[in-house]
Amino acid sequence: MSSAGKRRTGRGRREKERRDDGRSSGESTTPSLRQGFWLPPALTLALVLLSFVPRVRASSALTWSFWGAALALLTWQAVLFVRLKREPAGSSLRIALFPHHYVQASMQLVVFVYWGLYWRPVSEFVWLLVAQLVFAYAFSMLLAWSRRETYALGFGPVAIIFSTNLFLWFRDDWFYLQFLLIAVGFLGKEFVQWHRDGRSRHIFNPSGFSLGLFSVLLIATGMTSELTLGEIIASTQGTGPHMYGVLFLVGLVVMYRFSVTLVAGSAAATLFGLSALYTAWTGVPYFVDSEFPAPVFLGLLLLITDPSTSPKEPLGKLVFGGLYGVGVFALYAMLARIGAPLFYDKLLCVPLLNLSVRRIDSTVRFLQDSALWNRWVPDWAPARSNLVHLSLWIVLFGSMTAMGRTDGTHQGDRVPFWLEACDDDRRNACDRVVQIEGVFCADDSGWSCNELGGHYLRGEIVAPDSAQALSWFARACRLRFQAGCVNLLEPGTFSRTVPKVLDLRLLLREGGQDLTEMSEPELYARACEHGWTFACDRVGRP
Amino acid sequence: MNHVKGAPERSISRVGLTALIALVSIAAVGMYMGPSSSAATSGTGSASASPVGPQQVAGFRSDAWYLPDTELLGFVEISEGPFLMGGDVTTDPQALDHERWSAASAQGMVNVPTFYLGRSEVTVAQFRAFVEATGFAADVRVFQAPPEYPVRPISWTDALAYSRWLQSEMEASPSTPPVLRELFGEGWRVTLPSEAEWEKAARGADGRLYPWGNEPRADRANFGETGTMPVASFDCSECPYPVFDMSGNVWEWTRSPYEPYPYDASDDRESLEADALWVIRGGSYQDSARELRAASRAAAGPGVRRPFIGFRVAISRF
């Protein structure tokens, strides 16, 4: 195809996207402000009513967060009401059901449901999720009307709330920050804009923007684990069996429907490739639980595939995804180096990538105008191209799964493997020992907490820190790991023992398997296969 | 969305950006302030004590960690010697199976080396001094009672954290009595009493059932009630040692893991593969006379915080 033809195709696609994003598709208009203005008070009332749900009443801080959010909305409504009485506005809201909102929200819901099947706090979180949705709708309505705009009532807020909550929850005592997180996302979408393709568009993916910003704040204050469940979310998202398969299938729907295969596929391929190179170089995996963790997989499917904040052209998408992969890979190492929680790797680079979109677009257009490009790039229609990209992605993911690089057997989450690698002085292996034991300790493995305490007491693979050591021993003890208690009683000495059955159910869950029902003999046999020599003795294996 | 062109739009954008910056700033300040500013609002979370400044509590020294105003800051010497440990159903009909020494003998003679025991349970004021000094994340309920009441609910790990802190403070302070400083120099530690130490301090060497004799007495202990009382509220001139509330008020943590008798001090370092369960002694305000007996024993997980469990400290060598 000639460059002119290509540009025509690009224009046609942009026009179609404008229709999808504009007001001519899937929408109707409600005529007057009075007909819509009852919605925010109703939503505010709903938020207040939700504060009486037992789950919310269980924490006074949580209840106050709800009331604070409701009061803020109410105040805003009062101010707006007075202003609109003085300066009447025109139409108030229209129904706008965009596929990229409701399809995305549906897929996110599938992930929530599947994750919730294997991690109970998700179901306990439902009321808090509903409250955020209520708040988000009220907030976005008031925001639109304050800007004298017509509110587009659709599934946009659902996609933003789900996308945010798949990565970060604030603890009950700090839930007001969750409302702030959402508010910041919507304000960023409305007020941080630039001109792109002849239109004013938001620069940042709304959830990616607020998540990125709050991630920086949390890292700077060092309060991640005190204030949020971010680390626990990241460590539990892979707990369901075949989680990668579920994410893959969910991703296929999004990729097929919105032609974002190149973005997600190139990000995944980059991560697979970089991980493989690292392993070939060092002999140890880069990430601990797979070639790249399930939450990162989720991140590349949700955070960088927003059509409004990612490049339009295929090559741009390819570059954009690749940069995300490189960004996550680099951030993982950087976060480890500064001692920050590693789950931020998938969040921090999203706003930076959003900022690079116009540059990528212009570079890609320049390249597409070159004769070399037109000679080598096949002249396919967008739909056909996407099918080809999808096929390649399916082959890539299938191959990686067949090789156990996704949620199959992966030595990266085996503690004995890292202990041995640490003894062998392999690159970063001792850091990984501390990291992986920290993850298991956070998941309530008393053995892991006690071992961590031992590392800080002895100072062989981390800098000695007796206060840290006592803190880990205390956690081990509270988890009823007796050696931890004895270490508390006798500071300066280190008592240790082999993992208990409860520990093994956590330590051996490789690939996110649920081992709570596994019999003890089977558990010990599995432990033996994972390299736990004491378990081999118990099952009579060499 | 419909954009209204011109100055109003710029004005709205400025307001919006200002709101965005304000919200992010609020979030930053909220995160920076951290858990120390908030926990008191939570019914289930943890808390740091709010600074209250020096406060006088009668009978306690505000300049010495609110310990009792005695020569040894409330520590009472319990001299080395044997005592009869365990419950014998022939002399004590309320004795339970797990108090029996062995199949052959209902009770056993145990020699306990000299140690020093706090004469009263650790109080709210004492624990507040610890939390204020360290920022320790205690349960919010610990500060609900007046300063002279026993601190509760306390977990085993909370109690040990307090003990460690008190030792480091006493070792560093010139106001620590020379006798105690000398002990620390010889390797003695502020810790929880062992089960044997506790029982010996409660019943002495004559095998009595209660600290004051063989019959329960409501004028000697707080039990069968709905709440705690200030520490050392009951006189106990009949008790073998000048220590208060060994029976009643709150159960007290010991440093002994829960093991079947016969008691063996070395058990403390064995059975590492068993689930941790630590002995509590003395019964509480809500218990009957049966739990108040000196031989009565119960156990709890080291992480649990219950409103009827507190502790007292000992200075011991182990």
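Not measured: the values here are computed from a predicted model.

A. Structural context of the overall build of chain A. Along chain A, the regular secondary structure elements total 29 helices and five strands. A total of 542 residues make up chain A; the buried ones form 58% of that total. Nonlocal contacts in chain A, meaning residues at least 24 apart in sequence, comprise 73% of its contacts between residues at least 6 apart. Accessible area of chain A: about 22100 Å², with a carbon and sulfur share of 62%.

B. Region of the structure containing the overall build of chain B. Helix and strand counts for chain B come out as six helices and 14 strands. Across chain B, every contact between residues at least 6 apart in sequence was considered, and the portion connecting residues at least 24 apart equals 75%.

C. Representation of the state of the cysteines in the model. Summed over all chains, the structure comprises five disulfides over all chains. Shown here is the disulfide that connects Cys422(A) with Cys430(A), its sulfur atoms set 2.0 Å apart. Classification of the bridge connecting Cys422(A) and Cys430(A) rests on its S-S torsion, roughly 95 degrees, and on that basis the disulfide is right-handed. For the residue pair Cys422(A) and Cys430(A), the accessibility class agrees, reading buried in each case. Residue Cys236(B) pairs covalently with Cys239(B) via a disulfide, S to S 1.6 Å. Between Cys236(B) and Cys239(B), the disulfide has an S-S torsion of 65 degrees and is therefore right-handed. Residue Cys236(B) shares its accessibility class with Cys239(B), and that shared class is buried.

D. Examining the packing of aromatic side chains more closely. Taken as a whole and assessed by the stated rule, the structure comprises 52 aromatic pairs over all chains. Ring geometry for Tyr244(A) and Phe297(A): centres 6.0 Å apart, planes at 25 degrees, overall stacked. Remark: Phe297(A) occurs in helix 16 (residues 294-302) and Tyr244(A) occurs in helix 14 (residues 243-258); sequence separation between them is 53 residues. Taking the relative accessible area as the measure of exposure, Tyr244(A) reaches 5% and is therefore buried. The side chain of Arg432(A) reaches across the aromatic face of Tyr286(A), ending 5.8 Å from its centre. The aromatic ring of Phe143(B) is capped on one face by Arg128(B), whose charged end is 4.5 Å from the ring centroid.

E. Structural view of the nonpolar core. Counting residues in each nonpolar core, the largest one holds 229 residues, and the members touching the most others are Leu300(A), Trp253(B) and Phe311(B). The element best represented in this core is helix 8 (residues 126-146) of chain A, accounting for 15 residues. Setting aside chain neighbours within four positions, we find Leu300(A) in contact with Ala264(A), Ala267(A), Ala268(A), Leu271(A), Phe292(A), Thr305(A) and Tyr324(A). Ranked by size, the runner-up nonpolar core spans 20 residues in total, among them Val110(B), Leu117(B), Ala196(B) and Val243(B).

F. Layout of the domain arrangement of chain A. All names here are of chain A. Domain assignment breaks chain A into domain 1 (23-104 + 121-215), domain 2 (229-408) and domain 3 (411-538). For domain 2 versus domain 3, the distance between C-alpha centres works out to 32 Å. Across the contact, 18 residues belong to domain 2 and 19 residues belong to domain 3. Summed over both sides, the interface between domain 2 and domain 3 buries roughly 1500 Å², with carbon and sulfur atoms accounting for 55% of that surface. Linking domain 2 to domain 3 there are zero salt bridges. Linking domain 2 with domain 3 are four residue pairs in polar contact (both at pLDDT 80 or more), by the criterion used here. The dominant element in the side of domain 2 that touches domain 3, judged by the number of residues it contributes, is helix 15 (residues 261-282), at three residues. Residue classes in the side of domain 2 that touches domain 3 are distributed as nine nonpolar, seven polar and two charged.

G. Molecular detail of the sheet that holds strand 13 (residues 309-310) of chain B. Residues and elements named next belong to chain B. Strand order in this open sheet of four strands is 12-11-10-13, and the pairing throughout is mixed. For this open sheet the edge positions go to strand 12 (297-300) and strand 13, each flanked by a neighbour on one side alone. Note: strand 11 (residues 278-281) against strand 12, four bridges, orientation antiparallel. Each bridged residue has a counterpart across the sheet, and for Arg 281 the counterpart in strand 12 is Arg 297. Contacts from helix 5 (residues 195-203) reach strand 10 (251-257), strand 11 and strand 12 within the one sheet, and its direction differs from that of strand 10 by about 135 degrees.

H. Spatial organisation of the sheet that holds strand 7 (residues 115-118) of chain B. Residue and element names in this part refer to chain B. Read from one edge of the open sheet, four strands run 4-7-14-9, paired in antiparallel fashion. The open sheet has two free edges, formed respectively by strand 4 (75-78) and strand 9 (189-191), since each of these has just one partner strand. Across this sheet, the average inter-strand angle for adjacent strands is 30 degrees, counted without regard to direction. As paired strands, strand 4 and strand 7 are joined by four bridges and run antiparallel to one another.

I. Structural context of the pattern of salt bridges. Per the stated rule, a full pass over the model turns up 25 salt bridges over all chains. A salt bridge links Arg147(A) to Glu190(A); the nearest nitrogen and oxygen atoms lie 2.9 Å apart. Of the two residues, Arg147(A) is situated in the loop between helix 8 and strand 3 (151-153) and Glu190(A) in helix 10 (residues 176-191); the sequence distance between them amounts to 43 residues. Across the pair, Glu190(A) and Arg147(A) agree in class, each one buried. Note that Arg293(B) is salt-bridged to Asp92(B), the shortest N-O span being 2.6 Å. In this pair, Arg293(B) is assigned in the loop between helix 6 (289-292) and strand 12 and Asp92(B) in the loop between strand 5 (81-85) and strand 6 (108-112), connecting sequence segments 201 residues apart. Of the two residues, Arg293(B) and Asp92(B), neither departs from the other in class, the shared state being buried. Shared partners join several salt bridges into a network, and the residues in it are Glu195(B), Glu199(B), Arg203(B), Arg281(B) and Arg297(B).

J. Expanded view of helix 28 (residues 520-529) of chain A. Residues of helix 28 of chain A that are buried include every one of Leu523(A), Tyr524(A), Ala525(A), Arg526(A), Ala527(A) and Cys528(A), and no others. Where helix 28 of chain A is buried, its residues contact helix 27 (501-507) and helix 29 (533-538) of chain A.

K. View of the interface of chain A and chain B. Chain A puts 54 residues into the contact, and the matching count from chain B is 49 residues. Note on chain A versus chain B: buried area summed over both sides is about 4300 Å², and carbon and sulfur give 67% of it. Considering only the side of chain A, the residues that lose the most area to chain B are Arg480(A), Gln482(A) and Leu489(A), jointly responsible for 17% of the buried surface there. Taken together, the connections running from chain A to chain B amount to two salt bridges. In this structure, Arg538(A) and Glu273(B) form a salt bridge, with 3.2 Å as the shortest nitrogen-oxygen distance. Our count for the chain A to chain B interface comes out at five residue pairs in polar contact (both at pLDDT 80 or more). For the side of chain A that touches chain B, the elements supplying multiple residues, two or more each, are helix 5 (60-86), helix 8, helix 10, helix 11 (206-221), helix 12 (224-227), helix 25 (466-478) and helix 26 (482-489) of chain A. Counting residues per element, the side of chain A that touches chain B draws most heavily on helix 10 of chain A, which supplies nine residues. Of the residues belonging to the side of chain A that touches chain B, the class tally is 31 nonpolar, nine polar and 14 charged.

L. Quick look at helix 5 of chain A. Between its terminal C-alpha atoms helix 5 of chain A stretches 39 Å, which fits the 39 Å expected from 27 residues at 1.5 Å a residue. By the burial criterion, the buried members of helix 5 of chain A are Ala61(A), Leu62(A), Thr63(A), Ser65(A), Phe66(A), Ala69(A), Ala70(A), Leu73(A), Gln77(A), Leu80(A) and Leu84(A).

Reading guide: rules and limits
Residues numbered from 1 in each chain as written. Chains lettered and ligands numbered in written order. Predicted model: local features only at pLDDT ≥ 70, side-chain atom pairs only at ≥ 80, totals over all residues. Heavy atoms only, no water. Helix = DSSP H or I, 4+ residues; strand = E, 2+ residues; numbered from the N terminus. Buried < 20%, exposed > 50% of the residue type's maximum accessible area, 1.4 Å probe, protein only. Contact = heavy atoms within 4.5 Å. Areas by Shrake-Rupley, 256 points an atom, 1.4 Å probe, with all protein chains shown as cover. Disulfide = S-S within 2.5 Å. Phe/Tyr/Trp six-rings, centres within 6.5 Å; stacked < 30°, edge-to-face > 60°. Lys NZ or Arg CZ within 6 Å of the ring centre and 35° of its normal. Core = buried A, V, L, I, M, F, W, Y, C linked by side-chain atoms within 4.5 Å. Domains from an automatic or database assignment. Buried area = accessible area lost by both parts, 1.4 Å probe. Salt bridge = Lys/Arg side-chain N within 4 Å of Asp/Glu carboxyl O. Polar contact = N/O pair within 3.5 Å; in protein donor to acceptor, adjacent residues only side chain to side chain. Nonpolar A, V, L, I, M, F, W, Y, C, P; charged D, E, K, R; others polar. Pairing = 2+ DSSP bridges. Axes fitted to C-alpha atoms, helices over the stretch in contact; angles between N-to-C directions. Expected span 1.5 Å × (residues − 1).

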